[in-house]
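Next come the chains, spelled out residue by residue.
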Protein chains: 2
Amino acid sequence: MTSDDFRFEVLALDGATQARRGRFYTPHGTVETPTFMPVGTAATVKGITVSQLHDLGAQVVLCNAYHLFNRPGAELVERAGGIHRFMGWDGPVLTDSGGFQIFSLADTLKLDADGVSFIAAGYGGAHHRWTPEDNMRIQEQIGADIIMQLDQCTPYPAGKSFVAEAVRRSADWAERCKVAHTREDQALFGIVQGGVFADLRRESVERIGEMGFPGYGIGGYSVGEPHELMFETLPGVCAALPQDVPHYLMGVGNPTTLLHAVAAGVDLFDCVLPTRTARMGTAFSSEGRLNLRNARFADDFGPLDPACRCAVCQKYERAYLRHLVKSREMLGAILLTYHNLFYLIDLMRRAREHLEAGTYGAFLRDWDRSPAADDY
Amino acid sequence: MTSDDFRFEVLALDGATQARRGRFYTPHGTVETPTFMPVGTAATVKGITVSQLHDLGAQVVLCNAYHLFNRPGAELVERAGGIHRFMGWDGPVLTDSGGFQIFSLADTLKLDADGVSFIAAGYGGAHHRWTPEDNMRIQEQIGADIIMQLDQCTPYPAGKSFVAEAVRRSADWAERCKVAHTREDQALFGIVQGGVFADLRRESVERIGEMGFPGYGIGGYSVGEPHELMFETLPGVCAALPQDVPHYLMGVGNPTTLLHAVAAGVDLFDCVLPTRTARMGTAFSSEGRLNLRNARFADDFGPLDPACRCAVCQKYERAYLRHLVKSREMLGAILLTYHNLFYLIDLMRRAREHLEAGTYGAFLRDWDRSPAADDY
């Protein structure tokens, strides 16, 4: 099913940690890893044009099959010529299966061994039923380069037997997705579940790992548990997964968490955090998170982040950005979103440099002592 | 007060109409006229970055002294180094005095010969009092290249004695603004009022015209009256005004109205129409106005306007833009705003070309017979 189109090369291994410097080939371009992938749920990164995505150095854009299925419809995206043509982005695209959305957003969920029935919240309340096979057909219609298996993401806290059942169901569905998936120009990734339970994570990795996917999502983290709990099991998951394919930690976007997850062996990240917090007036910075609503920025004529090289930090001052945020001007959300995305994309670029230079361990130690690490 | 900094050259006069092809010099750059000036009320054109304004070919950006006075405060803009530095736009800026906003937005207005007392609606309800002198100080603090006198804009319909009083008050305030204004790097424009009454328009032009302003606003139109009524008096106003300075028709943004107003002798335009309607999902086009919410665009994979050269029309299809609008995605508002601004800016560029070639009359006749003229 997959071919050399989706080759993953490990270019360097860190001596002190499990971190990898990699390169992932896709039909729409090469992805240097580790990297952060901006989230464009409904075929748009909120407030950001495709031209700005290129300026930012975004390598992969993430869309969501649940949302696109509901609006404008996967078939319409297919008729438009696929997701790349539809949204005007010619780089790699990844679609999440929508499993997470079904289990967190959809009303009146009914789950059985064969699939899941749900009412689409926020989309007029239509009744739908998805089997793993249905989901593969939808993601094939959308046409991303990387697609994710349909899985059952468990919340935190959740009882162990509930999580165990989700691990087994997700593994069964992984097999069915693999059989159903036909497009050779798409890489289908399996997803590891298991919550905070080390033995369930181990079981999940064993079952999914032996299926030979060209990449693995690591789901069910960052769903409310303390960060420490994630790091009790994440390094083991990464170590137990096949090493010759990318590891994608789903839904994590804290700068400090990203750097530690890289050390655990993660290659790909996505999260709404940089874009969603930007729309609420919050910016990542070398001084820690800044809430631009704070009165202390009213007459601060310095750059947003003196250490940042992005177009926003070169051009605009904090007093102006605060004015935009306080005035609820779209441009405030746009400029903060641009900066926050640059911040994470650039952070991963710096991580790659340190991995190439063999200095990642020192970089991480310095980071943890810096004011930037306050968001952890 | 003004100098060669604000020289206006009439480069060509149309044979068939009163239209002029002009050039207006300002300390922050030269403005080719006729032109449309995007509205950036609160020191931002909603949803559009400064870099995009440059791409659009915007020559002047309009801000509003009423809104900036209320937030973030004129003094703060001054401390930031002035409006250009504050918003990061190094081209010419024009501020409206805020007279229109006071008379249309502010609660509990109290008007007397000396000034106006008001409660700032939408800004916490603070009590304020503005005399013409106060307004000049505020606009000097903000620091635009072109500033407008404080005037009394009358609505439609309005009784003749009420409009007559507003004409006289506005003329008195024009004189006081002229005396109070001190910054030589700013051009202060007087404003003609008079509603739909030809004799009051004549009286207003006579009084304001002899004061020798470096440019004239024409206010009190496009406040609800039928277009035909405006064109009964607008050509006479333009003809009676000094011919060696720019004529600025305030608050008009219909493409067809713009072209006819150019024929009447107008050089500068501003309006929220292109930006506000864009945010509601409406686009100007060579086929007339398009409401992207319309179901007929759901699977229309053609460009927004096949006749338009803007970046949005080169890149995105109607089905995608409709999807963004229906999904209430910021990018929908951003892309339609970009297109609508380009549409008016480019329309004025084409008008200038026809004025230079002596073909404006024919251009206008063709336009009026085209589907694009449906918005009139």
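Here the structure is shown first, and the text comes after it.
Throughout what follows, the structure given in this document is the object of discussion. All chains use their own residue numbering, which begins from 1 and follows the written sequence. Each chain gets a letter, beginning with A, and each ligand a number, beginning with 1, in the order they are written. Reporting of local features is limited, given that this is a predicted model, to residues whose pLDDT is at least 70; pairs of side-chain atoms are given and counted only at 80 or more, and all residues count toward the totals for whole chains, interfaces and linings. To obtain the side-chain values, all non-hydrogen atoms of the structure were used and water was disregarded.

Thoughts on the overall build of chain A
Counting its secondary structure elements, chain A contains 15 helices and 16 strands. The principal-axis extent of the C-alpha atoms belonging to chain A is close to 60 × 50 × 40 Å. Two residues qualify as a contact provided that any one of their heavy atoms is within 4.5 Å of a heavy atom in the partner residue. Nonlocal contacts in chain A, meaning residues at least 24 apart in sequence, comprise 66% of its contacts between residues at least 6 apart. A 1.4 Å probe and the Shrake-Rupley method give the accessible areas. Residues count as covered only by the protein chains that appear here. When the accessible surface of chain A is totalled, it reaches about 13,300 Å², and 49% of it is carbon and sulfur. Segments assigned H or I by DSSP are reported as helices when at least four residues long, segments assigned E as strands when at least two residues long, and all are numbered from the N terminus.

Structural notes on the interface of chain A and chain B
On the chain B side, the residues contacting the 38 residues of chain A number 38 residues. Area buried by chain A at its contact with chain B is led by Tyr320, His323 and Met330 of chain A, which between them contribute 18% of it. Throughout this description, the term salt bridge denotes a Lys or Arg side-chain nitrogen within 4 Å of a carboxyl oxygen of Asp or Glu. In this structure, Glu329 of chain A engages Lys46 of chain B in a salt bridge whose closest nitrogen and oxygen atoms are separated by 2.6 Å. Two N or O atoms form a polar contact when they lie within 3.5 Å of each other; inside protein one atom must be a possible hydrogen donor and the other a possible acceptor, and for residues adjacent in sequence the pair counts only when both atoms belong to side chains. Viewed at the interface, chain B and chain A are joined by 14 residue pairs in polar contact (both at pLDDT 80 or more). Those elements that place two or more of their residues in the side of chain A that touches chain B are α1 (50-56), α3 (74-79), α4 (83-87), α13 (318-326) and α14 (330-357) of chain A. Of the residues contributing to the side of chain A that touches chain B, the split by class is 21 nonpolar, seven polar and ten charged. When two parts are brought into contact, each loses some accessible area as probed by a 1.4 Å sphere; the total of that loss over both is the buried area. Three categories are distinguished: nonpolar for Ala, Val, Leu, Ile, Met, Phe, Trp, Tyr, Cys and Pro, charged for Asp, Glu, Lys and Arg, and polar for the others, with Gly belonging to the last.

Things to note about the sheet that holds strand β8 (residues 116-119) of chain B
Residue and element names in this part refer to chain B. Two strands are said to pair when DSSP picks up at least two bridges between them. One open sheet holds the three strands; their spatial order is β7-β8-β9, and the pairing between them is antiparallel. At either end of the open sheet lies a strand with only one pairing partner, and these are β7 (107-111) and β9 (127-130). Looking at each pair of strands side by side, their axes are set apart by 15° on average, direction ignored. Pairing of β7 with β8 involves three bridges; the strand directions are antiparallel. Across the sheet, the residue bridging to Leu111 is Val116, located in β8. Helix axes are fitted only over the stretch in contact, all axes being lines through C-alpha atoms; the angle between N-to-C directions runs from 0 to 180 degrees.

Concerning the pattern of salt bridges
Residue and element names in this part refer to chain A. Within the structure shown, the criterion is met by 50 salt bridges over all chains. Glu175 is paired through a salt bridge with Arg207; the nearest N and O atoms lie 3.8 Å apart. A residue pair is termed long-range when its members are at least 10 positions apart, and Glu175 in helix α7 (residues 160-180) and Arg207 in helix α8 (residues 198-209) qualify at 32 residues. Overlapping salt bridges bring together Asp112, Asp114, Arg129, Glu133 and Arg176 as one network.

So, the nonpolar core
Soluble globular proteins tend to pack their nonpolar side chains together in the buried interior. As used here, the term nonpolar core means buried Ala, Val, Leu, Ile, Met, Phe, Trp, Tyr and Cys residues forming a set that is joined through side-chain atoms within 4.5 Å. Accessible area is worked out with a 1.4 Å probe on protein chains only. A residue is then buried under 20% of its type maximum, exposed over 50%, and partly exposed in between. Ranked by size, the top nonpolar core spans 210 residues in total, and within it Ile83 and Leu234 of chain A together with Ile83 and Leu234 of chain B carry the most contacts. Ignoring any residue separated from it by four or fewer positions in sequence, one finds Leu234 of chain B in contact with Ile218, Tyr221, Leu249, Ala261, Ala264 and Val266 of chain B.

Quick word on the relation of the copies chain A and chain B
Our superposition of the copies is a least-squares fit, built on the C-alpha atoms of residues whose pLDDT is at least 70 in both. With an RMSD of 0.0 Å, chain A superimposes on chain B once it is rotated by 180° and translated 0.0 Å along the axis. The relationship between the two copies is best expressed as a two-fold rotation axis.

Structural notes on unusual backbone geometry
Cis geometry is adopted by the peptide bond preceding Pro34 of chain A, which originates at Thr33 of chain A and carries an omega value of 0°. The residue Pro34 of chain A is located in the loop between β3 (29-33) and β4 (35-37) in this model. Of note, the amide linkage connecting Tyr156 of chain B to Pro157 of chain B takes the cis form, showing an omega dihedral of -5°. Mapped onto the elements of the fold, Pro157 of chain B is located in the loop between β10 (146-148) and α7 (160-180). Of note in the backbone geometry, Ala43 of chain B takes a positive phi value of approximately 70° without being a glycine. Along the chain, Ala43 of chain B falls in the loop between β4 (35-37) and α1 (50-56).

Side note on the sheet that holds β10 of chain B
Residues and elements named next belong to chain B. Strand order in the open sheet made by the eight strands is β4-β14-β13-β12-β11-β10-β6-β5, with parallel pairing throughout. Each edge of the open sheet carries a strand with a single partner, namely β4 and β5 (61-64). When the angles between neighbouring strand axes are averaged without regard to direction, this sheet yields 25°. Taken strand by strand, helix α6 (residues 132-142) contacts β6 (93-96), β10 and β11 (187-192), and its axis lies near 160° from that of β10.

Examining the packing of helix α8 (residues 198-209) of chain B against helix α9 (residues 227-240) of chain B
Residues and elements named next belong to chain B. As a packed pair, α8 and α9 sit with axes 10 Å apart at the nearest point and diverge in direction by 20°. Taken together, the axis directions place α8 and α9 in an arrangement best described as roughly parallel. When the axes of α8 and α9 are compared, the crossing they make is right-handed. Judged by residue contacts, Ala198, Arg201 and Val205 of α8 engage Thr233, Val237 and Ala240 from α9. By residue class, the composition of the contact of α8 with α9 is four nonpolar, one polar and one charged. In what follows, roughly perpendicular refers to angles from 65 to 115 degrees, roughly parallel to angles under 35, roughly antiparallel to angles over 145, and oblique to any angle outside these ranges. Left-handed describes a crossing in which the near helix is turned anticlockwise from the far one by less than a right angle; the clockwise case is right-handed.

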